[in-house]
Amino acid sequence: MRYFKFIFSCWLLMMLCTAAMAYDFQQGMHGMKWGSSVSENGDLKKVHETDLVSYYARPNTIYQTSNQLIPAVFYGFYNDKFFAVFIKLRSYRQLFNLKQSFDTGYENAKSSFSTQSKQQVYRWNDGDVKIKLKMIEAEGQYKMAFYYSPLSTKLNEERMENIPPGVYRLIAPKEGESAKALPLMKE
């Protein structure tokens, strides 16, 4: 009986520690709540728009992870409701470190590879939030996206991730302007 109590206590402690390591994306990201309107998040600047989705960025805010700056972070709004975050990563190192972090905080990723496009995709779920990491080997592109499922299931996620390259220049700090650097995710 003592042995059983000891094993059960160790298992319970391990489960609690694993849960504590997971990030909490259920409420939103970067201080914005899923489903909130653009007007509730006043420091955003519209950088692109399609028929259904508007993309915003935070001017003069630079995020970082793995001791490297993130080239771009965009926030997607569908019918004026916050539903997605699209992140362009700088390097394989950032992608690898984020993958390790998610694998530790959640379970190992569901993984798929397209031989045609040479694209590797890793997926996790955190309740209503889908998390994707993408690596396109041929182009050296690394991306991450978070989707709030109650809103994103109405849209084609693949199509939403294709933000035109010219948009990235719109969010870069102008020469002489200061920018605040923030961690991409709080642990």
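Relevant structure appears above.
What counts and what doesn't
- Residues numbered from 1 in each chain as written.
- Predicted model: local features only at pLDDT ≥ 70, side-chain atom pairs only at ≥ 80, totals over all residues.
- Heavy atoms only, no water.
- Helix = DSSP H or I, 4+ residues; strand = E, 2+ residues; numbered from the N terminus.
- Buried < 20%, exposed > 50% of the residue type's maximum accessible area, 1.4 Å probe, protein only.
- Contact = heavy atoms within 4.5 Å.
- Areas by Shrake-Rupley, 256 points an atom, 1.4 Å probe, with all protein chains shown as cover.
- Salt bridge = Lys/Arg side-chain N within 4 Å of Asp/Glu carboxyl O.
- Polar contact = N/O pair within 3.5 Å; in protein donor to acceptor, adjacent residues only side chain to side chain.
- Phe/Tyr/Trp six-rings, centres within 6.5 Å; stacked < 30°, edge-to-face > 60°.
- Core = buried A, V, L, I, M, F, W, Y, C linked by side-chain atoms within 4.5 Å.
- Pairing = 2+ DSSP bridges.
- Axes fitted to C-alpha atoms, helices over the stretch in contact; angles between N-to-C directions.

(A) Here's a closer look at the overall build of the protein chain. Check the secondary structure of the protein chain and you find five helices and 13 strands. Here the protein chain holds 187 residues, and 43% of them are scored as buried. Here the analysis covers contacts within the protein chain between residues at least 6 apart in sequence; of these, 55% occur between residues at least 24 apart. For the protein chain, the computed accessible surface area is about 11,100 Å², with 52% contributed by carbon and sulfur atoms.

(B) Just the pattern of salt bridges, in detail. As enumerated under the stated definition, the model contains three salt bridges in all. Across the pair Asp 103 and Lys 99 runs a salt bridge, and its minimum N-O distance is 2.5 Å. Separated by four residues within a single helix, Asp 103 and Lys 99 lie in helix H2 (residues 92-105), roughly one turn from each other. Here Asp 103 matches Lys 99 in class, with each residue buried.

(C) Region of the structure containing the environment of Gln 120. Within the secondary structure, Gln 120 is located in strand E10 (residues 119-126). You can call Gln 120 buried: its relative accessible area is 14%. Sequence separation between Gln 120 and Leu 133 is 13 residues, and the spatial gap between their C-alpha atoms is 8.2 Å. Aside from chain neighbours lying at most four places away, what touches Gln 120 is Ser 111, Ser 112, Phe 113, Leu 133, Lys 134 and Met 135. Only 2.4 Å separates the side chain of Gln 120 from the side chain of Ser 111, close enough to count as a polar contact.

(D) The arrangement of the packing of aromatic side chains in detail. By the definition in use, this model includes 13 aromatic pairs. Aromatic ring contacts, followed pair by pair, group Trp 34, Tyr 56, Tyr 75, Phe 77, Phe 82 and Tyr 148 into a single cluster.

(E) Broad picture of the nonpolar core. By size, the foremost hydrophobic cluster in this structure holds 45 residues, and its most contacted members are Tyr 75, Val 85, Ile 87, Leu 89, Phe 102, Leu 133 and Phe 146. Among the elements of the structure, strand E4 (53-57), strand E7 (72-78), strand E8 (81-89), H2, E10, strand E11 (129-136) and strand E12 (141-148) are those that each provide at least two residues to this core.

(F) Region of the structure containing the sheet that holds strand E3 (residues 45-49). An order of E3-E4-E7-E8-E12-E11-E10-E9 is seen for the eight strands of this open sheet, with the pairing classed as antiparallel. Across the chains shown, the open sheet's two edge strands, defined by having one partner strand only, are E3 and strand E9 (110-114). Across this sheet, the average inter-strand angle for adjacent strands is 25°, counted without regard to direction. Sheet analysis places E8 next to E12, joined by six bridges and oriented antiparallel. Looking across to E12, one finds that Ile 87 is bridged to Met 144.

(G) Highlighting unusual backbone geometry. A positive phi is found at Ser 66, a non-glycine position, where the angle reads about 55°. Assessed through its relative accessible area of 15%, Ser 66 is described here as buried. Here Asn 79, not a glycine, exhibits a phi torsion of approximately 50°, which is positive. You can see Asn 79 is positioned in the loop between E7 and E8. When its relative accessible area of 56% is taken as the criterion, Asn 79 is described as exposed.

(H) Up close: the pairing of E4. Judged by how many residues are buried, E4 sits mostly within the fold: five of five residues are covered. By the alternation rule, side chains of E4 split into Val 53, Tyr 55 and Ala 57 and Ser 54 and Tyr 56, which are all buried. Relative to E4, E3 is paired through four bridges, and the arrangement is antiparallel. Bridging across to E4, Glu 49 finds its partner in Ser 54. Linking E3 back to E4 in an antiparallel pair, the connection comprises three residues. Pairing analysis gives four bridges linking E4 to E7, with the strands arranged antiparallel. Counterpart to Val 53 in the pairing with E7 is Tyr 78.

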